[in-house]
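This is what each chain is made of:
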Protein chains: 2
Amino acid sequence: MMTNGSLERASFRHIKEEILRRVTQGEWGPGTLLPGEIELAVEFGCSRATVNRSLRELSEAGLLERRRKAGTRVRLTPLRQARFEIPLIREEIEAAGAAYRYTLLQRAVGPAPVAMRKLFHTRPRERLLHLLCRHDSDGAPYQLEDRWINLAALPQAGTADFSTLGPNEWLVRAVPYSQVEISFLAEAAGPAACEHLGYASGEPVFMTERTTWWEGQTLTHVRLAYRRGHRMTARY
Amino acid sequence: MMTNGSLERASFRHIKEEILRRVTQGEWGPGTLLPGEIELAVEFGCSRATVNRSLRELSEAGLLERRRKAGTRVRLTPLRQARFEIPLIREEIEAAGAAYRYTLLQRAVGPAPVAMRKLFHTRPRERLLHLLCRHDSDGAPYQLEDRWINLAALPQAGTADFSTLGPNEWLVRAVPYSQVEISFLAEAAGPAACEHLGYASGEPVFMTERTTWWEGQTLTHVRLAYRRGHRMTARY
DNA sequence: GAGTGGTCTAGACCACCCT
DNA sequence: GGGTGGTCTAGACCACTCA
C-alpha cells in the first residue's frame, strides 16, 4: 500500500532518470560501484524487480556495467552507440514534406560479374536480375539505386513489375524479415552518378551498401548513391 | 514446480526465438495479430511477465507493434535500425591488432570563425581551443582529427597537455556522459587531408562530424577524416 | 465499457564469479 | 562459500484505446 513517501509513484523511469542524473552530474563518477539492487529498492521504496529493470536498461544503453557478484559499476568509458533508422526511401522523402517519384532506368537479366557471383555464391550459369533506379524528391534526383537480385532464391522477382514499384518496397513485402549488413562510405562519382545525379566525374558521393540474407541465402545487394551534400545523422 | 512439459526451461529467450522464427518463416505474416499475452503464456507454459518481456524486446527491435486494447501485430514494414558502436579511436585500432600512435599537429587558442561561434553560442570575445591531430595505425595515417573546444565551458582544456593524450580520450574522462549528435558524410579532400592523409586534392573522403553538449552547453565539435577506403559497417 | 498491454510487487531459485 | 545480478512466478492494479 505505502509506496514511496514522496508524491511520485515509484517507477523504473524515475529511477533511471535519477541514476542518470547522479552519473552525469558527477555524483557517481566513472568506475563507482553502485549500491546493490536491494539497497536501491529500499532507497526508492520499490521492489527489487523495478530497480533491476532500471539498471538493466541503463546497462544496455552503455552507461553501466553489471557483473554477478562484482556488482554494478559506472563504465569507465561509456559505450557509445549511435542508432540510425533506415526508412524506406519513399517514406524518407515524404516525411520531409516533398513529393516522391520513382523511375526504373535499366533492367537486365543475365550472368553476373565475378564480384557478384562471389557475393551470391551462385554458379556461373545462374542468373541475377540487375536494376538501376532513380528516386526523386520534388522533381530533383535524390538517390540512385544499383541493385542485384538473386533469381535462384527469389524467382518471383523475375516477373515482378519494377516499373512503378521500387525493388526495395517490393522486397520488403516479399521477404520482410531478413539479415542485413549495411555500410556507409565515400566514393568518387562514376558515369552513372554523373548522368543521373548530376555529379561531375570524380566528385565525392556519399554511398550506402547493403547486402541481405534470408535463411543463409544471399538475396540481394544494393548500392545507393545520394545526391550532393547528403549526410546520415543520429543522436545519442 | 511443473514448468513446461518439454525439456527446455521456459525463458524469454526461447520465446523470443520461437516468435521470431514464426515471423521470419512466414507463419505469422506482416500485419498478423498475435495471440494475447495470457494465451501465449499458456502455450509456452510460463507466466505472463515472461511473455511480456519477450514481446516488449521484439517490439523495441522493430519486429512487432504493440498497442493497448488493439493487441500485438507483426509490423507491416519492419522498422529498420542499424546500431553503430563508436569506439575510442585508439581502441578501434588496437582491436584490429595494429599499433596505435597519436600526434598533435597544431594547437591554437583564439577567437573563433563565425560558423563555430554560431555553433557554440559564444560571444565574439570568447575563445576556442583549436586542435589538429593525427591517429596512426601501424605507422600509417588512419584518421585526421580537427577539433574545437569551448574554453568557456571547459577551462581545464586550456592547460591540458594534448601532446601525448588525444583530446577525445581527455574529453571522455573529463565529461564522460554527454549528449552527442553524429553525422556521416562524404567530402572532397582539402589541404589538410592531402598533407596529413596522403589524399590527392578533391578525392572523396569519408568523414564523421560530432558535436557534444553537456547540461545545455556546447562543449566540443570535431570533424574526423578517415584514410582512403574507410567504411562504417553494421549488421541488423 | 471492456479488453489489451504496461507496470509493479513479493517472493523465490539459480548462475556466475569474486575472495 | 557466499554475495550479486538474472530470471521467473502469481497476482494485482492501472492506462490506454477500440468498439
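In this text, all values refer to a predicted model and were calculated from it rather than measured experimentally. Every chain's residues receive numbers from 1 upward, in the order its sequence appears when written. Chains and ligands are labelled by the order in which they are written, letters from A for the one and numbers from 1 for the other. Two thresholds apply to this predicted model, a pLDDT of at least 70 for residue-level local features and 80 or more for giving and counting side-chain atom pairs, whereas whole-chain, interface and lining totals are computed over all residues. Hydrogens and water molecules were not included; the side-chain quantities draw on all heavy atoms of the structure.

## Concerning the overall build of chain A
In step 1: Each helix and strand in chain A was counted, giving 7 helices and 10 strands.
In step 2: Computed over C-alpha atoms, the radius of gyration of chain A comes to 25 Å, more than 25% over the 18 Å expected from 2.2 N^0.38 for 236 residues, which places it beyond the range of a compact globule.
In step 3: Expressed along its principal axes, the backbone C-alpha trace of chain A runs to roughly 70 × 40 × 35 Å.
In step 4: Relative accessibility under 20% of the residue-type maximum defines a buried residue, over 50% an exposed one, and the middle range a partly exposed one, all with a 1.4 Å probe and only protein chains included. Buried residues in chain A amount to 47% of all 236 residues.
In step 5: By definition, residues are in contact when any of their heavy atoms lie within 4.5 Å. Put simply, of all contacts in chain A between residues at least 6 apart along the chain, 56% involve residues at least 24 apart.
In step 6: Areas reported here follow the Shrake-Rupley algorithm with a probe of radius 1.4 Å; residue values treat only the protein chains shown as occluding. Only carbon and sulfur atoms are counted for the fraction: they give 51% of the accessible area of chain A, which is about 12,400 Å².
In step 7: A residue counts as positive if it is Lys or Arg and as negative if it is Asp or Glu; His and the chain ends are not included. Note on charges: their place is set at NZ of Lys, CZ of Arg, CG of Asp or CD of Glu. One way to put it: in chain A the 33 positive side-chain charges average out to a point 5 Å from where the 27 negative ones average out. Secondary structure elements follow DSSP: runs of H or I of four or more residues count as helices, runs of E of two or more count as strands, with numbering from the N terminus. Radius of gyration means the value over C-alpha atoms here, while the globule rule gives 2.2 Å times the residue count to the 0.38 power.

## Thoughts on the sheet that holds strand 5 (residues 127-137) of chain A
In step 1: For two strands to count as paired, DSSP must find a minimum of two bridges between them. The 7 strands are arranged 4(A)-5(A)-6(A)-9(A)-8(A)-7(A)-10(B) in an open sheet whose pairing can be described as antiparallel. Strands at the two margins of the open sheet, each flanked by one partner only, are strand 4 (100-111) of chain A together with strand 10 (231-235) of chain B. Put simply, the sheet's adjacent strands are angled 15 degrees from each other on average, direction ignored.
In step 2: Taken together, the 10 bridges between strand 5 of chain A and strand 6 (residues 140-150) of chain A define a ladder with antiparallel strand orientation. Bridge pairing in strand 6 of chain A places A:Ser137 opposite A:Ala140. Fitted lines through C-alpha atoms serve as axes, helices being fitted only where they are in contact, and the angles separating the N-to-C directions of these axes extend from 0 to 180 degrees.

## Topic: the protein's contact with DNA strand C
In step 1: For each residue, the test is whether any non-hydrogen atom lies within 4 Å of the molecule or strand; if one does, the residue is near. Near DNA strand C there are 26 residues, and of these A:Ser11, A:Arg13, A:Ser47, A:Thr50 and B:Arg66 occur at the shortest range.
In step 2: Protein-adjacent atoms of DNA strand C, using a 4 Å cutoff, are sugar or phosphate at a proportion of 66%.
In step 3: In protein, a polar contact requires one atom able to donate a hydrogen and another able to accept it; more generally it is a pair of N or O atoms within 3.5 Å, and residues adjacent in sequence count only if both atoms are side-chain atoms. Between DNA strand C and the protein, one listed contact pairs a sugar or linking oxygen with a side-chain N or O atom of B:Arg68 at 3.0 Å.
In step 4: Between a base oxygen of DNA strand C and a main-chain N or O atom of B:Lys69, the distance comes to 3.2 Å.
In step 5: Sort the elements by how many residues they give to the surface near DNA strand C and helix 3 (residues 48-60) of chain A lands first, with 4 residues.

## A word on the interface of chain A and chain B
In step 1: The partner chain B presents 52 residues to the 53 residues of chain A that form the contact.
In step 2: Counting the surface lost from both chain A and chain B, the interface buries some 4,800 Å², and carbon and sulfur atoms represent 51% of this.
In step 3: When a carboxyl oxygen of Asp or Glu is within 4 Å of a side-chain nitrogen of Lys or Arg, the pair counts as a salt bridge. For the interface between chain A and chain B, the tally reads 4 salt bridges.
In step 4: When the shortest N-O distance is used, the salt bridge between B:Glu209 and A:Arg231 registers 3.1 Å.
In step 5: Residues are grouped as follows: Ala, Val, Leu, Ile, Met, Phe, Trp, Tyr, Cys and Pro are nonpolar; Asp, Glu, Lys and Arg are charged; every other residue, Gly included, is polar. Across the side of chain A that touches chain B, the residue classes break down as 28 nonpolar, 10 polar and 15 charged.
In step 6: Where strand 3 (residues 80-86) of chain A lies against strand 3 (residues 80-86) of chain B, 7 bridges are found, and the strand directions are antiparallel. For A:Phe84, the partnering residue across the bridge sits in strand 3 of chain B and is B:Ala82. Here's the idea: put two parts together, see how much 1.4 Å probe accessible area each one loses, and the total over both is what we call buried area.

## Brief notes about the pairing of strand 8 (residues 204-214) of chain B
Residue and element names in this part refer to chain B.
In step 1: Summarising burial for strand 8: 9 of the 11 residues are buried, a large majority.
In step 2: Across 10 bridges, strand 7 (residues 179-188) lies against strand 8 in antiparallel orientation. Among the inter-strand pairings, Leu185 is bridged to a residue of strand 8, identified as Met207.
In step 3: Note: strand 8 against strand 9 (residues 217-226), 8 bridges, orientation antiparallel. Note that in strand 9 the partner of Thr208 across the bridge is Leu224.
In step 4: The hairpin formed by strand 8 and strand 9 contains 2 residues between the paired strands, and Glu215 there has a positive phi angle of roughly 55 degrees.

## A short note on the protein's contact with DNA strand D
In step 1: Taken together, 26 residues are adjacent to DNA strand D, and A:Arg48, A:Arg66, B:Ser11, B:Arg13 and B:Thr50 come closest.
In step 2: A share of 64% is what sugar and phosphate atoms reach among the atoms of DNA strand D within 4 Å of the protein.
In step 3: Backbone polar atom of A:Glu37 to a phosphate oxygen of DNA strand D: 3.2 Å apart, as the coordinates give it.
In step 4: The separation between a phosphate oxygen of DNA strand D and a polar side-chain atom of A:Thr72 is 3.4 Å.
In step 5: Elements supplying a minimum of two residues to the surface near DNA strand D: helix 3, strand 1 (64-67) and strand 2 (71-74) of chain A together with helix 1 (12-24) and helix 3 (48-60) of chain B.
In step 6: Of the residues forming the surface near DNA strand D, the biggest block, 4 residues, is contributed by helix 3 of chain B.

## Some thoughts on the sheet that holds strand 5 (residues 127-137) of chain B
In step 1: On the basis of which strands lie adjacent, the open sheet formed by 7 strands has the order 10(A)-7(B)-8(B)-9(B)-6(B)-5(B)-4(B) and antiparallel pairing. Of all the strands in the sheet, the pair left with one neighbour each is strand 10 (231-235) of chain A together with strand 4 (100-111) of chain B. Mean inter-strand twist for the sheet, computed between neighbouring axes without regard to direction, equals 15 degrees.
In step 2: This element, helix 6 (residues 167-174) of chain B, spans strand 4, strand 5, strand 6 (140-150), strand 8 and strand 9 of chain B of the sheet and lies at about 45 degrees to strand 6 of chain B.

## A look at helix 1 of chain B
All names here are of chain B.
In step 1: The end-to-end C-alpha distance of helix 1 is 18 Å, a good match for the 18 Å that 13 residues give at a rise of 1.5 Å each.
In step 2: Those residues of helix 1 that sit buried are Phe12, Ile15, Ile19, Arg22 and Val23. Each buried residue of helix 1 lies within a common arc of 100 degrees when the element is viewed along its axis, so the set occupies one face. In helix 1, the exposed positions that point more than 90 degrees away from the buried face belong to Arg13 and Glu17.
In step 3: Packing partners of the buried residues in helix 1 comprise helix 2 (37-44), helix 3 and strand 2 (71-74).
In step 4: For helix 1, the N-terminal cap is Ser11; the gap from its side-chain oxygen to the backbone nitrogen of Arg13 is 2.9 Å. Given the number of residues in a helix, its expected span is that number minus one, multiplied by 1.5 Å. Directions pointing from the helix axis toward each C-beta atom define the arc.

## A look at the domain arrangement of chain A
In step 1: What the domain assignment reports for chain A is domain 1 (12-74) and domain 2 (89-226).
In step 2: Start and end positions for the domains come from either an automated domain assignment or a database one. Each of domain 1 of chain A and domain 2 of chain A has a C-alpha centre, and the two are 45 Å apart.

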